[in-house]
Amino acid sequence: MGEHELTKEEQIAYKHEQDLERLRAFRLMDDDFMTACFDGSPESVELVLRIILNKPDLFVLDVKVQYFIKNLLKRSVSLDVLATDTDGRKYNIEIQRSDKGAGAKRARYNSSMIDAKSMEKSTGFDELPESFVIFVTENDVLGEGKPLYHIDRTVLESGHLFGDEAHIIYVNGTYRGDDPLGQLMRDFHCTEPEQMYYNVLKDRVSYFKKT
């Protein structure tokens, strides 16, 4: 029976089934699907940040997805996820399947735009919140075989940290170690929620894929 012969209700049900079929192929490594899952789910973002940063006491207060920061004269940015914790720290999580999209200068620009957005006219520079730009990449973009890469400004002459509290982290999406980060990366690549390790992520993915 062709689609043109279906009743309106049957056409709606047919389209819904087609949508679900497309959804079944999505993973958290697909940025649009990830932001849909994380929207309205601070506990999902909280879990991801706790694992990547190894901070089990981190609590997320606010989450915004596809957050647009406008620059009136120059280039604006759209952040996949921008989260704020209970201490005011800012976290930008970006999913990048393309190596080109995870370049060092993009990370630098995201960090600068978050800083600019965080500063009110009357705010002193010492009140600028600590920030983290986190790229979760499909491949090992930096190519050194590490699960995580932490980038902080340092004083070259002494090797001491500069202490500006602006951090950039790359998460190697190919990592599959037998630890929380390895389990998280496996979850990010799962198409079947039943195979996921973390219940918080499993429930969100299942909600979008099964209903």
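Read on for a plain summary of the structure.

Rules used throughout
Along each chain, residue indices are assigned from 1 in the same order as the chain's sequence is written. Per-residue local features are limited, in this predicted model, to residues with pLDDT of at least 70; the limit for side-chain atom pairs, both in listing and counting, is 80 or more; totals at the level of whole chains, interfaces and linings are taken over all residues. The basis for every side-chain value is the complete set of heavy atoms in the structure, and neither hydrogens nor water enter the calculation. Note on geometry: axes are lines fitted to C-alpha atoms, helical ones only across the stretch in contact, with angles between N-to-C directions running from 0 to 180 degrees. Helical segments are the DSSP runs of H or I of at least four residues, strand segments are the runs of E of at least two, and each set is numbered from the N terminus. For classification purposes, angles smaller than 35 degrees are called roughly parallel, those larger than 145 roughly antiparallel, those between 65 and 115 roughly perpendicular, and all remaining angles oblique. Should the near helix be turned anticlockwise from the far one by less than a right angle, the crossing is left-handed, and should it be turned clockwise, the crossing is right-handed. Should any heavy atoms of two residues lie within 4.5 Å, those residues are counted as being in contact. Note that Gly is not counted as nonpolar here; it falls among the polar residues with everything else outside the nonpolar set of Ala, Val, Leu, Ile, Met, Phe, Trp, Tyr, Cys and Pro and the charged set of Asp, Glu, Lys and Arg. Buried residues of nine kinds, namely Ala, Val, Leu, Ile, Met, Phe, Trp, Tyr and Cys, make up a nonpolar core once their side-chain atoms join them within 4.5 Å. Exposure classes here rest on a 1.4 Å probe applied to the protein chains alone. A residue is buried below 20% of its type maximum, exposed above 50%, and partly exposed in between. If DSSP finds at least two bridges between two strands, the strands pair. Handedness rule for crossovers: strands pointing away from the viewer, path from the first strand over the helix to the second running clockwise, crossover right-handed. Salt bridge, as used here, is a side-chain nitrogen of Lys or Arg placed within 4 Å of a carboxyl oxygen of Asp or Glu. Any two of the Phe, Tyr and Trp rings considered here, Trp counted by its six-membered ring, make a pair once their centres fall within 6.5 Å; the pair's planes then place it as stacked at under 30 degrees, edge-to-face at over 60, or tilted in between. Counted as over-ring charges are cases with an Arg CZ or a Lys NZ within 6 Å of the ring centre that also lie within 35 degrees of the ring normal.

**So, the packing of helix H3 (residues 42-53) against helix H5 (residues 180-189)**
At a minimum axis distance of 9 Å, the contact between H3 and H5 shows a crossing angle of 140 degrees. Classified by the angle their axes make, H3 and H5 are oblique. Between H3 and H5 lies a crossing whose hand is left-handed. Contacts between H3 and H5 pair Val48, Ile51 and Ile52 from the former with Pro180, Leu181, Leu184 and Phe188 from the latter. When its residues are assigned to classes, the contact of H3 with H5 shows 7 nonpolar, no polar and no charged.

**Considering the nonpolar core**
Core analysis: the biggest nonpolar cluster contains 36 residues, and Phe38, Leu49, Val136, Leu184 and Phe188 have the highest contact counts within it. Here the element with the most residues in this core is H3; it accounts for 7 residues. Filtering out sequence-adjacent residues up to four positions away, Phe38 remains in contact with Ser44, Val45, Val48, Val63, Val65, Val81, Phe188 and Leu201. Among the nonpolar cores identified, the runner-up in size contains 14 residues, and Tyr67, Leu82, Ile168 and Tyr170 belong to it.

**Looking at the pairing of strand S3 (residues 90-96)**
Burial within S3 is extensive, with 6 of its 7 residues counted as buried. In terms of strand pairing, strand S2 (residues 77-85) meets S3 through 4 bridges, oriented antiparallel. What sits directly across from Leu82, in S3, is Asn92. Linkage of S2 to S3, two consecutive antiparallel strands, is achieved through a turn of 4 residues, within which Gly88 is found at a positive phi near 85 degrees. For S3 and strand S4 (residues 131-137), the ladder comprises 7 bridges, and the chain directions are parallel. What sits directly across from Tyr91, in S4, is Phe132. Handedness of the β-α-β unit built from S3, helix H4 (residues 104-118) and S4 comes out right-handed.

**Considering unusual backbone geometry**
Not every positive phi belongs to a glycine, and Asn54 is a case in point at roughly 55 degrees. By the element assignment, Asn54 lies in the loop between H3 and strand S1 (60-69). On the accessibility criterion, Asn54 (66% relative accessible area) is exposed. Look at Gln66: it is not a glycine, yet its phi comes out positive at around 45 degrees.

**Description of the pattern of salt bridges**
If you walk through the whole model with that rule in mind, you get 11 salt bridges. Two residues, Arg27 and Asp30, come together in a salt bridge whose shortest N-O distance is 3.7 Å. Of the residues examined, Arg27 reaches a relative accessible area of 12% and is grouped as buried. Residue classification places Asp30 among the buried positions, given a relative accessible area of 13%. The salt bridge involving Glu94 is made with Arg106; its shortest N-O contact spans 3.1 Å. Taken as a pair, Glu94 in strand S3 and Arg106 in helix H4 lie far apart in primary sequence, 12 residues in all. Salt bridges sharing partners connect three or more residues here, namely Arg27, Asp30, Arg97 and Glu138.

**A look at the packing of aromatic side chains**
Applying the stated rule across the entire model yields 6 aromatic pairs. Arranged with centres 5.1 Å apart and planes meeting at 15 degrees, the rings of Tyr91 and Phe132 form a pair that is stacked. Note that Tyr91 is positioned in strand S3 and Phe132 in strand S4, a separation of 41 residues in sequence. Overall, Tyr91 belongs to the buried group, its relative accessible area being 0%. On the basis of relative accessible area, Phe132 is assigned to the buried category, the value being 6%. Ring centres 4.9 Å apart and planes at 85 degrees place the aromatic pair Tyr197 and Tyr198 in the edge-to-face group. Over the aromatic face of Phe59 sits the side chain of Arg50, whose NZ or CZ is 4.8 Å from the ring centroid. When the ring centre of Phe33 is taken as origin, the NZ or CZ atom of Lys209, which lies over that ring, is 5.5 Å away.

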